[in-house]
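Residue strings, one per chain:
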Amino acid sequence: MMIELPHLASGAAALANSPNETRIRAIRSDRWVGFDRARRVLRHLDGLCDHPPSTRPPGLAIYGHSGMGKTMLVEKFKRNHPPIIDHSTGVESMPVLAITLTSRPTERRIYGQLLMAMGASINERLTLMELEIRTVLLLKSNNVRVLVFDEVHNLLAGTPREQRVILQLLRYLSNEIKASLVCLGVSEARDAIAGDTQLARRLDQFVLPRWKADEEFQELVTAILRSLPLKLPSALSSQSLRHLSRLGDGITARVFGILNELAIEAIQDGTERITDENIESWKPALEKEAAFA
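Values in this document were obtained by computation on a predicted structure and should not be read as measured data.

**Q** Before we go on, may I ask you to explain the pattern of salt bridges in this structure?
**A** Opposite charge on two side chains makes pairing possible when the charged atoms of those side chains draw close. Considering all chains together, one arrives at 11 salt bridges under this definition. Here Arg23 and Glu272 are joined by a salt bridge, their closest N and O atoms 2.8 Å apart. Note that Arg23 is positioned in helix α2 (residues 20–28) and Glu272 in the loop between α12 (252–269) and α13 (276–281), a separation of 249 residues in sequence. Exposure class is identical for Arg23 and Glu272. Each is buried.

Here's what the structure looks like:
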């Protein structure tokens with residue numbers, strides 16, 4: 001008989017009575033946790049995917065410190081819009097195509113990454129023009145509606161001329177296939193994109209600021225706690241939330257990491273909950289090892 005656990009989201013509740021090893025593995029695995037800030041971004045992204053083909057398609061630039069969850073947002077967006085196969089024709093459509101820019105992107109690298117993302121083979125002997133033609137034809141035949149470029153700040157590793165070439169390439173691809181662009185990166189990515197005025201003007205900006213100990217942060221923590229398959233509810237005071245915000249330095253990934261670690265300890269020691277005392281006494285693993293030594 002399934003025991004109701006109203007303090008947990010459905011996925012976590014289904015795991016709550018599983019063996020400890022299974023629950024710990026689930027906690028350590030990547031998982032999507034919905035909260036208002038993330039839902040707002042996803043609604044905007046969904047709007048881009050539904051936008052009809054246009055000669056000046058709208059776009060979005062998402063800026064945030066490393067660890068704020070930009071890549072997780074893209075992964076969730078891709079899952080919401082998976083490839084679709086038309087069984088009557090056998091043709092596959094890819095509404096969303098995403099790549100991560102390399103440490104020093106070039107035109108050939110970007111074309112190669114796009115081809116790989118579409119499952120196409122790459123012939124290194126092709127000229128740049130041949131690569132361009134093949135990539136654009138495949139993007140059109142796959143009916144790509146949104147092109148996502150992560151780690152856009154890597155553009156800054158190139159010379160000003162190299163940066164302009166890549167920015168012009170991104171704009172050209174968007175214009176040619178009439179699809180929206182989504183660019184993600186740390187705050188320096190804004191400086192990179194500003195190198196192409198036309199591109200910068202068509203990208204709405206969304207900034208993911210560090211968390212502060214406010215209602216929005218409380219919503220995030222509540223959502224994370226509901227995703228942890230602990231048998232007992234965890235209730236944290238306002239003081240603990242402020243302390244957790246400081247411990248995590250306002251970075252989403254660090255807050256997740258702290259709560260994941262405390263949840264695993266709660267499973268291992270049988271307490272099955274995270275308390276104010278746990279938050280207050282938490283220390284990074286390296287600091288714990290130093291204290292033990």
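More follows now that the structure is in view.
**Q** Explanation requested: the packing of helix α10 (residues 215–226) against helix α11 (residues 238–247) in the structure shown.
**A** In helix packing, the relevant descriptors are the interaxial angle and the interaxial distance, both defined with respect to the helix axes. Across the interface, α10 lies against α11 with an axial gap of 11 Å and an inter-helix angle of 85°. Considering the angle they form, α10 stands roughly perpendicular to α11. Contact with α10, carried on its side by Phe217, Gln218 and Val221, involves Leu241, Leu244 and Ser245 of α11 and no other residues of that element. Of the residues contributing to the contact of α10 with α11, the split by class is four nonpolar, two polar and no charged.

**Q** I'm lost on the domain arrangement of the protein in this one. Help?
**A** Size of an interface, as often reported, equals the accessible area lost when the parts are brought together. Each assigned domain of the protein is listed here: domain 1 (10–30 + 212–281) and domain 2 (36–208). Computed over C-alpha atoms only, the centres of domain 1 and domain 2 are separated by 34 Å. Contacts between domain 1 and domain 2 engage seven residues on the former and nine residues on the latter. With both sides pooled, the region where domain 1 packs onto domain 2 buries about 580 Å², and carbon together with sulfur makes up 47% of that total. It is Glu216, Glu219 and Ile251 that lose the most area in domain 1 upon contact with domain 2, and together they represent 62% of the buried surface on that side. Across the domain 1-domain 2 interface, the total number found is three salt bridges. Glu219 is paired through a salt bridge with Arg39; the nearest N and O atoms lie 2.9 Å apart. For the pair domain 1 and domain 2, the number of links is six residue pairs in polar contact (both at pLDDT 80 or more). Listed by contribution, the elements that provide at least two residues to the side of domain 1 that touches domain 2 are α10 and α12.

**Q** It is not clear to me how helix α7 (residues 160–177) should be interpreted in this structure. Could you clarify?
**A** Residues separated by three or four positions in an α-helix point in the same direction, a consequence of the helix having 3.6 residues per turn. Under the 1.5 Å per step criterion, the end-to-end length of α7 is 26 Å for 18 residues, consistent within 8% with the ideal 26 Å. Listing the buried residues of α7 in full gives Gln163, Ile166, Leu167, Leu169, Leu170, Arg171, Leu173, Ser174 and Ile177. Count one or two residues on from α7 and you reach Lys178, which has phi positive near 55°.

**Q** Before we go on, may I ask you to explain the packing of helix α5 (residues 107–117) against helix α6 (residues 128–141) in this structure?
**A** Put simply, α5 and α6 touch, their axes get as near as 10 Å, and they point 35° apart. Relative to α6, the crossing made by α5 is left-handed. Of the residues in α6, those touching α5 at Glu107, Arg108, Tyr111, Leu114 and Leu115 are Leu128, Leu131, Glu132, Arg134, Thr135 and Leu138. Residues of the contact of α5 with α6, tallied by class, amount to six nonpolar, one polar and four charged.

**Q** Would you explain a nonpolar patch on the surface in this entry?
**A** Where nonpolar side chains cluster on the molecular surface, the patch consists of Met129, Ile133 and Leu137 and spans about 330 Å² of accessible area. Topologically, Leu137 is positioned in helix α6. Relative accessible area serves as the criterion here: at 54%, Leu137 is assigned to the exposed category.

**Q** Quick question: what am I supposed to make of the packing of aromatic side chains here?
**A** How two aromatic rings sit relative to each other is set out by the distance from centre to centre and by the angle between their planes. Counted according to the given criterion, the structure contains two aromatic pairs. A ring pair is formed by Phe35 and Trp211, whose centres lie 5.6 Å apart and whose planes are at 65°; its orientation type is edge-to-face. Pair noted here: Phe35 is in the loop between α2 and α3 (36–50) and Trp211 is in the loop between β7 (203–208) and α10, with a separation of 176 residues, a long-range link. With relative accessibility at 9%, the residue Phe35 sits in the buried group. Assessed through its relative accessible area of 5%, Trp211 is described here as buried. Note on Trp211 and Phe217: the rings are 6.3 Å apart at their centroids and 50° apart in plane angle, and the pair reads as tilted. The pair Trp211 / Phe217 is uniform in exposure class, with both members buried. Pairwise contacts between aromatic rings join Phe35, Trp211 and Phe217 into one cluster.

What counts and what doesn't
- All residue numbers here refer to positions counted from 1 along the written sequence of the relevant chain.
- Predicted model: local features are reported for residues with pLDDT of at least 70 only, side-chain atom pairs are reported and counted for 80 or more only, and whole-chain, interface and lining totals are derived from all residues.
- Side-chain measures were taken over the full set of non-hydrogen atoms in the model, leaving aside hydrogen atoms and water.
- We define a salt bridge as a contact between a side-chain nitrogen of Lys or Arg and a carboxyl oxygen of Asp or Glu at a distance within 4 Å.
- For the purposes of this entry, the term helix denotes a DSSP run of H or I that reaches at least four residues, the term strand denotes a run of E that reaches at least two, and both are numbered from the N terminus.
- Burial here depends on accessible area, computed with a 1.4 Å probe over protein chains only, as a share of the maximum for the residue type. Under 20% is buried, over 50% is exposed, and the range in between is partly exposed.
- Note on method: axes are straight lines fitted to C-alpha atoms, helices fitted across the in-contact stretch only, with angles between N-to-C directions ranging 0 to 180 degrees.
- Orientation is classified from the angle alone, with under 35 degrees giving roughly parallel, over 145 giving roughly antiparallel, 65 to 115 giving roughly perpendicular, and any other angle giving oblique.
- By definition in these notes, contact holds between two residues if any of their heavy atoms fall within 4.5 Å.
- Note on residue categories: nonpolar means Ala, Val, Leu, Ile, Met, Phe, Trp, Tyr, Cys or Pro, charged means Asp, Glu, Lys or Arg, and polar means any other residue, Gly included.
- Domain boundaries shown here were taken from an automatic or database domain assignment.
- Buried area adds together the accessible area that both of two parts lose upon being put together, with accessible area traced by a 1.4 Å probe.
- A 3.5 Å cut-off defines polar contacts: any pair of N or O atoms within that distance qualifies, except that in protein one atom must be a possible hydrogen donor and the other a possible acceptor, and neighbouring residues in sequence count only when both atoms are side-chain atoms.
- Any helix carries an expected span of 1.5 Å times its number of residues minus one.
- In this scheme the handedness of a crossing depends on how the near helix is turned from the far one: anticlockwise by less than a right angle means left-handed, clockwise means right-handed.
- Nonpolar side chains (Val, Leu, Ile, Met, Phe, Trp, Tyr) are joined into patches within 5 Å and like charges within 9 Å, using only residues with over 30% relative accessible area and no salt bridge.
- Per-residue and other accessible areas follow the Shrake-Rupley method at a 1.4 Å probe size, with only the shown protein chains counted as cover for residues.
- Stacked, tilted and edge-to-face are the three classes assigned to paired rings of Phe, Tyr and Trp, where Trp is represented by its six-membered ring and a pair needs centres within 6.5 Å; plane angles under 30 degrees give stacked, over 60 edge-to-face, the rest tilted.

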